[in-house]
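Spelled out from the first residue to the last, the chains are:
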Amino acid sequence: MATTTATRIGSPSLKPIAPWWHTALLVALFVALTVGGALFQRHARLDSGGLHQHPQVVPLYLSLMAMEWGLVVWVWRGGLRRTGTKLGELVGGRWASAKDVLVDCGLALGLWTLWKLVEMAWNRWLGPGHAASIQTFLPQRGLEILLWIGVSISAGFCEELVFRGYFQRQFEALTHSRWIALSLQAVLFGVSHGYQGIEASVKIACFGALYGLLAVRRGSLRPGMMAHACGDVLSGIFRI
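The rules behind each value
Residue positions are given per chain, counted from 1 along the sequence in the order it is written. This being a predicted model, a pLDDT of at least 70 is required before a residue's local features are given, and a value of 80 or more before pairs of side-chain atoms are given or counted; all residues contribute to the totals for chains, interfaces and linings. The side-chain numbers reported here are obtained from all heavy atoms of the structure, hydrogens and water having been left aside. As used in this record, nonpolar core signifies buried Ala, Val, Leu, Ile, Met, Phe, Trp, Tyr and Cys residues forming a set joined through side-chain atoms within 4.5 Å. Burial classes follow relative accessibility: with a 1.4 Å probe on protein chains only, a residue under 20% of its type's maximum area counts as buried, one over 50% as exposed, and anything between as partly exposed. Secondary structure elements are defined from DSSP: runs of H or I of at least 4 residues count as helices, runs of E of at least 2 residues count as strands, and each element is numbered from the N terminus. A contact between two residues is defined here by any heavy atoms of the two lying within 4.5 Å. In this analysis a 1.4 Å probe is tested at points of a 1 Å grid over the protein atoms alone, and where it fits but cannot get out there is a cavity; an open set with protein on both sides within 12 Å along at least five of seven lines is a pocket; lining residues have an atom within 4 Å of a point. Grid points are joined across faces, edges and corners, and a volume is the space filled by probe spheres set on the points. The aromatic pairing rule takes the rings of Phe, Tyr and Trp, using the six-membered ring of Trp, and pairs them if the centres are within 6.5 Å, calling planes under 30 degrees apart stacked, those over 60 edge-to-face and the rest tilted. Charge over a ring is defined by NZ of Lys or CZ of Arg lying within 6 Å of the ring centre and within 35 degrees of the ring normal. Whenever Lys or Arg places a side-chain nitrogen within 4 Å of a carboxyl oxygen from Asp or Glu, that contact is recorded as a salt bridge. Here a polar contact means two N or O atoms within 3.5 Å. Within protein one must be a hydrogen donor candidate and the other an acceptor candidate, and residues neighboring in sequence count only if both atoms are side-chain atoms.

Draft legend 1. Spotlight on the nonpolar core. Core analysis: the biggest nonpolar cluster contains 32 residues, and Leu-26, Phe-30, Leu-161, Val-162, Phe-163, Tyr-166 and Phe-167 have the highest contact counts within it. Those elements that provide at least two residues to this core are α1 (20-46), α2 (58-83), α3 (87-91), α4 (98-126), α5 (142-175), α6 (178-192), α7 (198-218) and α8 (222-237). It is α5 that provides the largest number of residues to this core, a total of 7 residues. Excluding residues within four positions of it along the chain, Phe-163 makes contact with Phe-30, Gln-168, Gln-185, Leu-188, Phe-189 and Ser-192. Counting 7 residues, the second largest nonpolar core, distinct from the first, contains Val-57, Tyr-61, Leu-147 and Trp-148.

Draft legend 2. Looking closely at empty space enclosed by the protein. Going through the model one piece at a time under the given rule, you end up with 1 cavity of 30 Å³ or more. Estimated volume of the largest cavity: approximately 40 Å³. What lines the largest cavity is simply Glu-160, Arg-164, Tyr-211, Leu-214, Ala-215, Ser-220, Leu-221 and Gly-224. Looking at which element gives the most residues to the lining of the largest cavity, the answer is α7, with 3 residues.

Draft legend 3. Fine view of the environment of Gly-78. Relative to the helices and strands, Gly-78 resides in helix α2. Of the residues examined, Gly-78 reaches a relative accessible area of 12% and is grouped as buried. Gly-78 sits 56 residues away from His-22 along the chain, and the two C-alpha atoms are 7.0 Å apart. The contacts of Gly-78, once residues within four sequence positions are left out, are Pro-19, Trp-21, His-22 and Val-73.

Draft legend 4. Spatial organisation of the packing of aromatic side chains. For the coordinates displayed, the defined rule picks out 11 aromatic pairs. The structure contains a cluster of three or more aromatic residues connected by ring pairs, namely Phe-30, Trp-115, Phe-163, Tyr-166, Phe-167, Phe-171, Phe-189, Phe-207 and Tyr-211. In this structure, Arg-77 is placed above the aromatic ring of Trp-76, and the distance from its NZ or CZ to the ring centre is 5.8 Å. Between the NZ or CZ atom of Arg-81 and the centre of the ring of Trp-76, over which it lies, the distance is 5.4 Å.

Draft legend 5. Local environment of the pattern of salt bridges. The full count for this structure, using the stated rule, is 5 salt bridges. A salt bridge links Arg-218 to Asp-104, with the shortest nitrogen-to-oxygen separation between them at 2.8 Å. On the criterion of sequence distance, the pair formed by Arg-218 in helix α7 and Asp-104 in helix α4 is long-range, its members being 114 residues apart. One exposure class covers both Arg-218 and Asp-104, and it is buried. For Glu-119, the salt bridge is made with Lys-203, and the minimal N-O distance between the two is 3.8 Å.

Draft legend 6. How the structure looks around the side chain of His-193. The residue His-193 is located in the loop between α6 and α7 in this model. On the basis of relative accessible area, His-193 is assigned to the buried category, the value being 9%. Among the polar contacts listed, one links the side chain of His-193 to the side chain of Ser-192, at a separation of 3.1 Å. Each residue touching His-193, except ones within four places of it in the same chain, is listed here: Glu-159, Ser-201 and Ile-204.

See the structure below:
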C-alpha cells in the first residue's frame, strides 16, 4: 500500500519545512485576501442589480489558475528549497501498483460523498449561506467550462499541497501538535475563502479539517487532491 512506502504526513519529525517568516508572509497574504473579499461582497450587495448578469469570467479563471500555481512556486522556491524539503514529501504516498491507485480513488470517492452528506445536513439546518455574488461567476459556455476544469484541477492539487501539505506540516513543527496543526490549517483555509462570506468560510474550514484528517490517516494528499478537484468540477458545471 502507498502508506507503507512513503513518509507519512504528520510523522514524528518536527523539523520546520520552511523559515518562519515565509509562513508568516503566506498567512498575511490570505488575511489580506479575506479583507479584500469582504469588501467585494459588500460592494456586490450594494450593487445587487449586477448580480444577475453573467460577467466575463475567462480572465478571472486564468488569473485564478495563475494564482494557484503561484502559491505552489512560492512554497517550493521560497520555503521548501531552503530546508531541502521536496514537493513529493508533502504529497506523500507512492503508487506502486494498480491497487494503490484504486485504493486512493476509492478514498477520494468516499471523502467526496462524506463531504456532500455533511454539506446537505449543513444546508438543511443552517441554510446554504452562499455568497450572492458567487453564482454568477460559475461557467455557462464551452470555453468557460473547459477553463473551469483547469481551475478545479489546479485548486485540487495546489490548495491541498499548500494547506494540507505545507501548512499542516509547518504548523505541526511549530506547535508540536498534530491536531493543533490540523485545526490551524483548516481555519486558515476557511479564512482564505473569505470572499464567499462568513458562513461559507466556516463551512469551508470544516472541509479543510475533514480533508486534513484524511491526509493524516492516509499519509498522502493524493485522495484529497482527487476529491477536491472532482468536487469543484461537479459543483461548477453540474451545480452538485
